[in-house]
Amino acid sequence: MNYFKTFVSASLAAATLSGCQKEQPEKTNILFILVDDMQSDAIAALGNRDTYTPNIDRLINGGMAFTRTYTNGALCGALSMPSRAMLMTGRGVFEVQSDGMKIPSSQVTLPEHLRKNGYRTFATGKWHADRASFARSFSEGENIFFGGMHPYEQNGHCAPRLYHFDSSGKYEEEAFVGQNFSSEMYADAAVDFLKSTEEDERPFMAFVSFTSPHDPRNALPDYGKKYSPADLSVPDNFLPEHPFDNGELNIRDEQLLPTPRTPEQLKKELSLYYGMVSEVDLQIGRVLDALEESGNLDHTIVVFASDNGLAMGQNGLIGKQSLYEHSVGVPMAIVTPEGLSAGKRSEALCYLYDLYPTLCELVQVETPASVTGKSLVPVLEGEEKDVRDCVFLAYSNQQRAVVSGDYKYIIYNVEGKITEQLFNLKQDPGELVNLAAVEVEKKEELHKLLQQQMKENHDFCDLSQPLWWKDGHKLTWDELINLYVFE
């Protein structure tokens, strides 16, 4: 079933009606599809010539794709934890508790808020925060995964440890082992839920949170496109190893391939990664088909995004613990029933957590006071090109960056050693040509802007100090969970 051919045709027709108004339901549904570790570079509609992603492409092409969306950063290596907490609370990385490990009751989650406003709220898949916040957020769910990744030693995605929905919110019973690949388990649950909406007039939010294409990539399911390493290309900004110590060269993600890396090694890894991109794409297609079959297509907003990106050989890295575009930038698209900006691209600078106030405005629900993100509705409606002048990025206590216009400035402090990078992203999207020693005036301008942004965003580091924070040691887990605590 060609879901998005139908969706786009219906949306554009509704947008061009003359002399009459299409009758709309009182409330609009939300289908939120979130994937894990999917780089924008892995999506065909966003320029990848090697991958096959027809269902994601329909979402990218059927709505407005925001091509300069960022995650804001993280304090630890598990980037999805703060990213998902920011997304759910509409707040920045220094405004969520313990790097997103816990969402306090004072920070109202998006599904929690919609639930209070009469929505059925359903979830399947990954929840990387505390279980109490999940219980506040969702009235229904199935095949729920609490955690960061499916362990290699437990057969990874092939044997996901999942939970049935517990209306008490306690989840005290032991997890059961899913009999199918994780993505299929989540899609099954989403399809069943969408079937239940056929005769139900209540509005709903369905949060379908895949754990793919996050590793383990040691086994692929039988379905989906398979890739041969020989047929794949190496990214233009591939490097055998990172040119300097960024403070995270020994983290788990970077141990997946030994250094120096070769093009042949990378192609093999990419073949497995793209295989997981295509398998989750297939399952996304099943969910979209179920939405259409439920009869709710014409009054449902569909959001597609990834919680963070991934390097996969770019700039000499494999993981995501950096502030380069491939890791801190994410794919994001919003498809509305009215066909707002269908098929268009926006270069508006934004954070992933700006989705919260955007969705509230689109469904005409007041945004909670705890939300600090900015609505993207003016961009969707074509009234504004930007809602932010710049974006601020942070990782641990060793990397800080700011993006303004065509430029990105990154500064590192690894045990007192300072390294600076300045990139013209329009001319050098792969971030290979460091202009820090050439365009000194621009570097100093962005350094000042970064200091201002750090202060405004409640950053615990201070660039004016030689070590930025304490004695300059890398922030530990025990320290980060106590840095920002809210009640």
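For the structure, check the block above.
Computed from a prediction, not measured in an experiment: that's the story for all the values here.

Student: How do you make sense of the packing of helix 6 (residues 182-196) against helix 7 (residues 263-293) when you look at a structure like this?
Tutor: Two numbers describe a pair of packed helices, the interaxial angle and the distance between the axes. Running from amino to carboxyl end, helix 6 crosses helix 7 at an angle of 5°, the nearest separation of the two axes being 9 Å. Here helix 6 lies roughly parallel to helix 7, going by the angle between them. Mapping the contact onto sequence places S183, E184, A187, D188, A190, V191 and L194 in helix 6 and E279, V280, Q283, R286, V287, A290 and L291 in helix 7. Looking at the contact of helix 6 with helix 7, its residues break down into eight nonpolar, two polar and four charged.

Student: I'm lost on the packing of aromatic side chains in this one. Help?
Tutor: We describe a pair of aromatic rings using the distance from one ring centre to the other and the angle between the two ring planes. Counted under the stated rule, the structure contains 23 aromatic pairs. With a centroid separation of 5.8 Å and 75° between ring planes, the pair formed by F32 and F207 is classed as edge-to-face. Here F32 is found in strand 1 (residues 29-35), whereas its partner F207 is found in strand 9 (residues 204-209), with 175 residues between them in sequence. A single burial state applies to F32 and to F207, both of which are buried. Note on F460 and W469: the rings are 5.5 Å apart at their centroids and 80° apart in plane angle, and the pair reads as edge-to-face. For the pair F460 and W469, one class covers both residues: buried.

Student: Teacher, can you tell me more about the sheet that holds strand 2 (residues 64-66) here?
Tutor: What links the strands of a sheet is backbone hydrogen bonding, and the strands pair in either a parallel or an antiparallel sense. Taken in spatial order, the eight strands make up an open sheet running 6-5-9-1-10-12-2-13, and their pairing is mixed. The sheet is open, and its two borders are formed by strand 6 (140-146) and strand 13 (344-346), each paired with just one other strand. In this sheet, neighbouring strand axes are inclined to one another by 15° on average, regardless of whether the strands run parallel or antiparallel. Here seven bridges tie strand 1 to strand 10 (residues 300-306), and the two strands are oriented parallel to one another. Paired with V35 across the two strands is S306, which belongs to strand 10.

Student: Just to check I follow, could you spell out the nonpolar core for this structure?
Tutor: A general trend in soluble globular proteins is that nonpolar side chains are found buried together. If you look at the biggest cluster of nonpolar residues, it comprises 98 residues, and the most contacted ones within it are F32, F66, Y70, W127 and F207. Counting residues per element, this core draws most heavily on strand 15 (residues 390-395), at six residues. Sequence-distant contacts of W127, defined by excluding residues within four places in its chain, comprise M88, I103, S133, F134, S137, F138, F145, F146, G147 and F207. Counting residues in hydrophobic clusters, the runner-up holds 47 residues, among them L59, A65, L162 and A189.

Student: So what exactly am I meant to see when it comes to the sheet that holds strand 11 (residues 329-330) here?
Tutor: Judged by pairing direction, the sheet is mixed, and its three strands sit side by side in the order 11-3-14 without closing on themselves. The strands lining the two open edges of the sheet, one partner per strand, are strand 11 and strand 14 (350-351). Sheet topology note: the strand 3 (residues 69-70)/strand 11 ladder contains two bridges and is antiparallel. Within strand 11, the residue paired with Y70 across the bridge is G329.

Student: I keep staring at the pattern of salt bridges and nothing clicks. Help me out?
Tutor: Should the charged atoms of two oppositely charged side chains come close, the side chains can pair. Scanning the model with the defined rule gives 23 salt bridges in all. Its salt-bridge partner being D200, residue R120 comes within 3.1 Å of it at the nearest N-O pair. Linking R120 in strand 5 (residues 120-127) with D200 in the loop between helix 6 and strand 9, this pair joins segments that are 80 residues apart in sequence. The partner of R400 in a salt bridge is D459, and the shortest N-O contact between them spans 2.6 Å.

Student: What am I meant to see in the environment of R84 here?
Tutor: Looking at where R84 falls in the secondary structure, it is placed in helix 3 (residues 80-89). Between the alpha carbons of R84 and K126 there is a distance of 9.6 Å; along the sequence they are 42 residues apart. Once you skip the residues sitting within four places of it in the chain, R84 turns out to touch L34, V35, D36, K126, H128, S209, F210 and D307. Within the local environment of R84, its side chain forms a polar contact with the side chain of S209, the two groups lying 2.5 Å apart.

Student: Explain unusual backbone geometry to me, please; I cannot follow it from the model alone.
Tutor: With the exception of glycine, most residues fall at negative phi, and the peptide bonds are largely trans. Residue D215 is joined to P216 through a cis peptide bond whose omega torsion reads 15°. Looking at where P216 falls in the secondary structure, it is placed in the loop between strand 9 and helix 7. For the bond running from T259 to P260, omega is -10°, close enough to zero to count as cis. In this fold, P260 is placed in the loop between strand 9 and helix 7. Positive phi, close to 50°, is recorded for N143, a residue that is not glycine. Looking at the secondary structure, you find N143 in strand 6. Positive phi is not limited to glycine here, since Q364 has a value of about 60°. Looking at the element boundaries, Q364 is found in the loop between helix 9 (355-362) and helix 10 (377-380).

Student: What is the right way to look at helix 9 in this model?
Tutor: Counting along an α-helix, one turn takes 3.6 residues, and residues three or four places apart therefore face a common direction. Of all eight residues that make up helix 9, seven are buried, and the element is covered over most of its length. Of the residues trailing helix 9, Q364 is marked for its positive phi of about 60°.

Student: Could you clarify how one ought to interpret the pairing of strand 5 in this entry?
Tutor: Regular strands place their side chains on alternate faces of the sheet. The buried count for strand 5 comes to eight of eight residues, which makes it a mostly enclosed element. As judged from the six bridges shared by strand 5 and strand 9, these two strands associate in the parallel manner. By the bridge assignment, T121 is partnered in strand 9 with M205.

Student: Could you clarify how one ought to interpret the environment of I318 in this entry?
Tutor: By secondary structure assignment, the location of I318 is in the loop between strand 10 and helix 8 (325-328). In the structure, I318 is positioned 230 residues away from M88 in sequence and 27 Å away in space, judged by C-alpha atoms. Contact partners of I318, with chain neighbours within four places excluded, come to D253, E254, L256, L257, R261, L266, L310, A311, M312 and G313.

The rules behind the values
- Residues numbered from 1 in each chain as written.
- Predicted model: local features only at pLDDT ≥ 70, side-chain atom pairs only at ≥ 80, totals over all residues.
- Heavy atoms only, no water.
- Axes fitted to C-alpha atoms, helices over the stretch in contact; angles between N-to-C directions.
- Helix = DSSP H or I, 4+ residues; strand = E, 2+ residues; numbered from the N terminus.
- Parallel < 35°, antiparallel > 145°, perpendicular 65-115°, else oblique.
- Contact = heavy atoms within 4.5 Å.
- Nonpolar A, V, L, I, M, F, W, Y, C, P; charged D, E, K, R; others polar.
- Phe/Tyr/Trp six-rings, centres within 6.5 Å; stacked < 30°, edge-to-face > 60°.
- Buried < 20%, exposed > 50% of the residue type's maximum accessible area, 1.4 Å probe, protein only.
- Pairing = 2+ DSSP bridges.
- Core = buried A, V, L, I, M, F, W, Y, C linked by side-chain atoms within 4.5 Å.
- Salt bridge = Lys/Arg side-chain N within 4 Å of Asp/Glu carboxyl O.
- Polar contact = N/O pair within 3.5 Å; in protein donor to acceptor, adjacent residues only side chain to side chain.

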